[in-house]
Amino acid sequence: MKEPLAVRRPCISAHDLCLWYGDFQALKHVSVDIKEGIITGLIGPSGCGKTTFLRSLNRLNERYGNVRTTGTIEVLGKNIYDPDVSLGELRKSVGMVFQRPNPLPVSIHENVLFGLRVHDAASGQSRRELDSLVESSLREVALWDDVKDGLHRKATTLTLEQQQKLCIARLLPLKPSVILMDEPCSALDAEGTGAIERLMDTLRGRYTIVIVTHNMAQARRTSDECIFMLLGELIEHGPTVDMFLKPNRAETEMYVEGRYG
Amino acid sequence: MRRFELELDALKAQILEMGVVAERMVARASEALVKRDRAIVADVLEGEETLDRFQVEIDGEAVRLITVYTPTAKDLRFLLMVVRINTELERIGDQAVNNCEYVEMFLSDPPARPLHDLSRMTDVTCEMVHGALAAFAAEDVDMARRVVALDDQVDELYRQTFKDLLAEGADDPDMVKRTMSLVLLARSIERIADHAENICEEVVFLVKGEDIRHQA
């Protein structure tokens with residue numbers, strides 16, 4: 001990475017973020033700046049709030065009902081909880097990749113263009129332009145060579161690793177600033193995990209990536225910075241090397257050493 | 001206690017055991033000088049073989065623990081520092097063996113004047129080696145910093161001893177061999193103090209993750 005971490009400007013800024021599911025408070029006064037163009041790992045034991053925090057970043061939690069949020073989250077300077085924010089536009093710029101690959105039961109080609117069609121951005125583009133967009137998106141996730149001769153095959157026939165790459169490729173035509181990943185390798189074997197991690201490496205710098213992972217080795221390998229959460233609170237945030245070599249907080253030390261959680 | 005923690009404890013005990021051997025070698029080499037006793041030299045040389053065995057065993061165990069457990073945080077710092085402290089102790093042992101060689105050179109001549117500064121230098125250096133190991137055992141940063149501060153005394157005593165010995169040698173050409181052996185001995189003791197200082201710096205990194213080397 002050419003630019004030192006310390007001088008990168010924040011892409012996402014949460015200020016005093018609290019979130020309740022009914023009476024249960026899942027996030028407690030979370031304030032953090034997530035830097036632009038790097039990979040930030042969210043780590044912590046099950047139930048610590050990391051997935052809830054991730055889902056707050058594109059307001060996906062609201063789909064679950066009975067959710068109340070206070071505080072603000074700014075993405076590139078705009079509070080995403082402002083009343084004038086369009087959820088559709090927000091999710092275009094803040095894309096999400098889930099634990100299990102979720103390709104649509106249509107062709108590979110249509111999967112890549114699906115986001116554009118939903119957002120009505122495909123109309124007005126020629127077929128050649130759309131084909132070119134499909135190719136560049138699939139190339140960006142290192143899937144083009146595998147599927148170029150079968151773009152009209154159903155996406156569900158791909159291997160899980162290829163499906164997950166396709167799910168990432170599907171976000172790219174919408175030109176997101178942020179890609180959220182919720183344990184993107186948990187359904188994959190070691191080879192598939194390696195492939196997704198290599199892909200994340202190539203996306204680094206062009207997108208701000210936030211990844212939830214239970215796999216400590218993956219957090220160490222892939223992320224530039226880590227955020228450690230415990231019982232809904234942000235305990236520590238810093239460069240990954242520091243978090244795993246000389247964490248500041250005893251709770252972080254116990255967790256990364258495997259003595260907690 | 002988890003197995004990994006038990007294995008870390010065992011490794012620490014092994015380093016401390018190695019430290020006791022190294023510390024004793026330094027003290028015994030000085031004793032050989034004071035008592036003018038060549039028999040002590042054999043004892044020091046035996047210690048070197050023990051240190052070499054420790055070094056190989058400890059390095060092997062540290063590499064195994066890093067490989068098997070992929071440690072993080074303090075466990076990782078501990079294992080990294082164990083490898084370094086292991087090297088420092090082995091070098092302290094090597095210097096003690098060198099000291100014996102210089103003592104042998106010196107003993108072939110009759111005693112000159114009392115070696116007050118050299119004796120004081122040896123005492124402070126032994127105190128530093130002991131203190132460094134105690135700071136590692138207790139993982140005590142304050143103790144480590146106090147030991148680091150003693151190195152200035154050793155350096156000053158070395159400068160003074162060096163100056164005095166040169167002046168002595170200049171007066172009497174027959175004294176050259178004796179002077180040379182004592183200069184080399186003083187230099188070797190000064191290096192032992194440096195290794196003790198390094199161990200203390202490694203203790204600070206182990207406990208706090210702070211690199212205090214080359215800050216003077």
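Residues numbered from 1 in each chain as written. Chains lettered and ligands numbered in written order. Predicted model: local features only at pLDDT ≥ 70, side-chain atom pairs only at ≥ 80, totals over all residues.

A.B. asks: Which parts of the structure should I look at to understand the overall build of chain A?
C.D. replies: A count of helical and extended segments in chain A gives 10 helices and 10 strands. The globule rule puts the C-alpha radius of gyration for 261 residues at 18 Å, and the 18 Å found for chain A is close to it. Principal-axis analysis of the C-alpha atoms places the extent of chain A at approximately 55 × 40 × 35 Å. Buried residues in chain A amount to 43% of all 261 residues. Pairs at least 24 apart in sequence give 69% of the contacts found in chain A among residues at least 6 apart. (Helix = DSSP H or I, 4+ residues; strand = E, 2+ residues; numbered from the N terminus. Rg over C-alpha atoms; globule rule 2.2 N^0.38 Å. Buried ≥ 20, exposed ≤ 12 C-beta atoms within 10 Å, placed from the backbone. Contact = placed C-beta atoms within 7 Å.)

A.B. asks: Would you mind going over the overall build of chain B with me for this structure?
C.D. replies: Each helix and strand counted, chain B has 6 helices and 0 strands in total. Taking 216 residues into account, the globule formula puts the C-alpha radius of gyration at 17 Å, and chain B, at 19 Å, falls close to it. Taken along the three principal axes of its C-alpha coordinates, chain B extends 65 × 35 × 20 Å. Burial statistics for chain B: of 216 residues in total, 41% are counted as buried. Once local pairs closer than 6 in sequence are excluded, the contacts in chain B between residues at least 24 apart make up 80%.

A.B. asks: Please explain unusual backbone geometry as it appears in this structure.
C.D. replies: Here the phi dihedral of A:Lys175 falls at roughly 50°; this positive angle occurs in a residue that is not glycine. Inspection of the secondary structure assignment puts A:Lys175 in the loop between helix 6 (160–171) and strand 7 (178–182). Positive phi is not limited to glycine here, since B:Thr70 has a value of about 35°. Relative to the assigned elements, B:Thr70 resides in the loop between helix 2 (39–69) and helix 3 (73–107).

A.B. asks: What should I look at first to understand the sheet that holds strand 9 (residues 225–230) of chain A in this one?
C.D. replies: Adjacent strands of a sheet form backbone hydrogen bonds with each other and so pair up, either parallel or antiparallel. All names here are of chain A. The 6 strands are arranged 6-7-8-3-9-10 in an open sheet whose pairing can be described as mixed. The outermost strands of the open sheet, each flanked by one partner alone, are strand 6 (94–97) and strand 10 (233–239). This sheet shows a mean twist of 20° between the axes of neighbouring strands, independent of strand direction. Inspection of the sheet shows strand 9 paired to strand 10 by 6 bridges, in the antiparallel sense. The partner of Glu-225 across the bridge, within strand 10, is Pro-239. (Pairing = 2+ DSSP bridges. Axes fitted to C-alpha atoms, helices over the stretch in contact; angles between N-to-C directions.)

A.B. asks: Any chance you could explain helix 2 of chain B here in plain terms?
C.D. replies: A turn of α-helix holds 3.6 residues, and therefore any two residues three or four places apart point the same way. All names here are of chain B. In a regular helix each residue adds 1.5 Å, so 31 residues correspond to 45 Å; helix 2 covers 46 Å between its end C-alpha atoms and thus fits that length. Those residues of helix 2 that fall on the buried side of the exposure criterion are Val-44, Gly-47, Leu-51, Phe-54, Ile-58, Ala-62 and Leu-65. Those residues of helix 2 hidden inside the fold are in contact with helix 1 (3–35) and helix 3. Just downstream of helix 2, Thr-70 is the residue with a positive phi angle, here 35°. (Expected span 1.5 Å × (residues − 1).)

A.B. asks: I tried to follow the pairing of strand 8 (residues 208–212) of chain A on my own but got confused; where do I start?
C.D. replies: A regular strand carries its side chains on alternate faces of the sheet. Residues and elements named next belong to chain A. Among the 5 residues in strand 8, 5 count as buried, and that is most of the element. Side chains Thr-208, Val-210 and Val-212 of strand 8 all project onto a buried face; the interleaved residues Ile-209 and Ile-211 project onto the opposite face, where all are buried too. By the bridge criterion, 4 bridges tie strand 3 (residues 39–43) to strand 8 in an arrangement that is parallel. Bridging across to strand 8, Gly-41 finds its partner in Ile-211. Both strand 7 and strand 8 contribute to a ladder of 5 bridges, which runs parallel.

A.B. asks: Explain the interface of chain B and chain A to me, please; I cannot follow it from the model alone.
C.D. replies: Reports of interface size often rely on the accessible area that becomes lost once the parts have come together. On the side of chain A, 8 residues touch chain B, which itself brings 8 residues to the contact. Looking at the side of chain B that touches chain A, its residues break down into 2 nonpolar, 3 polar and 3 charged. (Nonpolar A, V, L, I, M, F, W, Y, C, P; charged D, E, K, R; others polar.)

A.B. asks: Can you help me understand helix 1 of chain B in this one?
C.D. replies: For helix 1 of chain B, which comprises 33 residues, the first-to-last C-alpha distance of 47 Å matches the rise-based estimate of 48 Å (1.5 Å per residue) to within 8%. Remark: B:Arg36 follows helix 1 of chain B within two positions and exhibits a positive phi of approximately 50°.

A.B. asks: Teacher, can you tell me more about the pairing of strand 7 of chain A here?
C.D. replies: Residues and elements named next belong to chain A. Of all 5 residues in strand 7, 5 are buried; the element is thus mostly enclosed. Residues Val-178, Leu-180 and Asp-182 line one face of strand 7 and the alternating positions Ile-179 and Met-181 line the opposite face, and both faces are buried. With 4 bridges connecting them, strand 6 and strand 7 associate as parallel partners. Residue pairing in the sheet places Val-94 in a bridge with Val-178 of strand 7.

A.B. asks: How should the confidence of the model for chain B be read in this particular structure?
C.D. replies: Interpretation of the predicted coordinates at a detailed level should be avoided for regions scoring low in pLDDT. For chain B, per-residue confidence averages 91 on the pLDDT scale, and 95% of positions sit at 70 or higher. In the predicted complex, the global pTM is 0.83; the interface-specific ipTM is 0.71. (pLDDT = per-residue confidence, 0-100.)

A.B. asks: I would appreciate a short explanation of the sheet that holds strand 4 (residues 67–75) of chain A in the present structure.
C.D. replies: Residues and elements named next belong to chain A. Pairing is antiparallel across the open sheet formed by 4 strands, whose spatial order is 2-1-4-5. A single partner strand is all that each edge strand has here, and the edge strands are strand 2 (24–35) and strand 5 (78–79). Here strand 1 (residues 10–21) pairs with strand 4 via 8 bridges, running antiparallel. Within the sheet, the bridge partner assigned to His-15 lies in strand 4 and is Thr-72.

A.B. asks: Even after reading the chapter, I still don't get the packing of helix 3 (residues 108–118) of chain A against helix 6 of chain A, so can you show me in this structure?
C.D. replies: A packed helix pair is summarised by two numbers, namely the angle formed by the two axes and the spacing between the axes. Residues and elements named next belong to chain A. For the pair helix 3 and helix 6, interaxial distance at closest approach is 7 Å and the crossing angle is 40°. When the axis of helix 3 is compared with that of helix 6, the two are oblique. The chirality of how helix 3 crosses helix 6 is right-handed. On helix 6, the residues that touch Ile-108, Asn-111, Val-112, Phe-114 and Gly-115 of helix 3 are Leu-166, Ala-169, Arg-170 and Leu-171. Across the contact of helix 3 with helix 6, the residue classes tally to 6 nonpolar, 2 polar and 1 charged. (Parallel < 35°, antiparallel > 145°, perpendicular 65-115°, else oblique. Left-handed = near helix turned anticlockwise from the far one by under 90°.)

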